[in-house]
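A structural walkthrough
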Amino acid sequence: MKKAMFILSTVLLFGLLSSCSTDELTVKKNWTFTVTTVTTYSPDITEAGPQTLVTTVDRDGLTELEAEAVAVSMRSSQTTTMQGITMTITVTVTKAERTTK
């Protein structure tokens, strides 16, 4: 069973690497991540609806795969209920290559 898992993992790793262009693995670029945080309450206690906060984060010297890993690691969703009020916080992230001037 261990050999089968090792062989499967190896084949999948080579498949992933072969599907990536060389640029995605080696070329370092500058990135801007747009982080959007939306907080909602149920029932709505703010009378203004969902609260949204948008921020940007710049990161330099990342490959395409590293930038995607950063974006994925920042995405999240969390729901908490206390005293009959449910609060949901959702964080979404988009990445864009930043051109230097």
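Here's a quick rundown of the structure. (Residues numbered from 1 in each chain as written. Predicted model: local features only at pLDDT ≥ 70, side-chain atom pairs only at ≥ 80, totals over all residues. Heavy atoms only, no water.)

Regarding a nonpolar patch on the surface
A cluster of nonpolar side chains, namely Met5, Leu8 and Leu12, defines an oily patch on the protein surface of about 300 Å² accessible area. Its place among the elements puts Met5 in helix α1 (residues 2-19). (Patch = residues over 30% accessible without salt bridge, like charges linked within 9 Å, V, L, I, M, F, W, Y side chains within 5 Å. Areas by Shrake-Rupley, 256 points an atom, 1.4 Å probe, with all protein chains shown as cover. Salt bridge = Lys/Arg side-chain N within 4 Å of Asp/Glu carboxyl O. Helix = DSSP H or I, 4+ residues; strand = E, 2+ residues; numbered from the N terminus.)

Side note on the environment of Thr86
The topology assignment puts Thr86 in strand β4 (residues 85-97). Residue classification places Thr86 among the partly exposed positions, given a relative accessible area of 22%. Residues Thr86 and Ser42, 44 residues apart in the sequence, show an inter-C-alpha distance of 5.0 Å. Each residue touching Thr86, except ones within four places of it in the same chain, is listed here: Thr40, Tyr41, Ser42, Thr79, Thr80 and Thr81. (Buried < 20%, exposed > 50% of the residue type's maximum accessible area, 1.4 Å probe, protein only. Contact = heavy atoms within 4.5 Å.)

Structural notes on the pattern of salt bridges
Applying the stated rule across the entire model yields seven salt bridges. Arg98 is paired through a salt bridge with Asp58; the nearest N and O atoms lie 3.5 Å apart. Here Arg98, found in the segment after β4, pairs with Asp58, found in strand β2 (residues 51-62); they are 40 residues apart in sequence, far enough to count as distant. In this structure, the salt-bridge partner of Glu64 is Lys95, at a minimum N-O distance of 3.1 Å. One end of the pair, Glu64, is in helix α3 (residues 64-74); the other, Lys95, is in strand β4, with 31 residues separating them in the sequence. Judged by relative accessible area, Lys95 falls into the partly exposed class, the value being 26%.

A short note on α3
Residues of α3 that are buried: Ala67, Val70 and Ala71. In an axial view of α3, the angular spread of the buried residues amounts to 95 degrees, which keeps them on one side of the axis. Buried-residue contacts for α3 involve β1 (29-42), β2 and β4. (Arc of directions from axis to C-beta.)

Quick look at the environment of Ser73
Tracing the backbone through its elements, the reader meets Ser73 in helix α3. Sequence separation between Ser73 and Val93 is 20 residues; the distance between their C-alpha atoms is 9.3 Å.

Side note on the sheet that holds β1
In spatial order, the strands read β2-β1-β4-β3; together these four strands make up an open sheet with antiparallel pairing. Across the chains shown, the open sheet's two edge strands, defined by having one partner strand only, are β2 and β3 (76-82). Put simply, the sheet's adjacent strands are angled 15 degrees from each other on average, direction ignored. Relative to β4, β1 runs antiparallel, the two being bridged by 12 bridges. Across the sheet, residue Tyr41 finds its bridge partner in β4, namely Met87. Lying on the sheet, α3 is in contact with β1, β2, β3 and β4; it crosses β1 at an angle near 15 degrees. (Pairing = 2+ DSSP bridges. Axes fitted to C-alpha atoms, helices over the stretch in contact; angles between N-to-C directions.)

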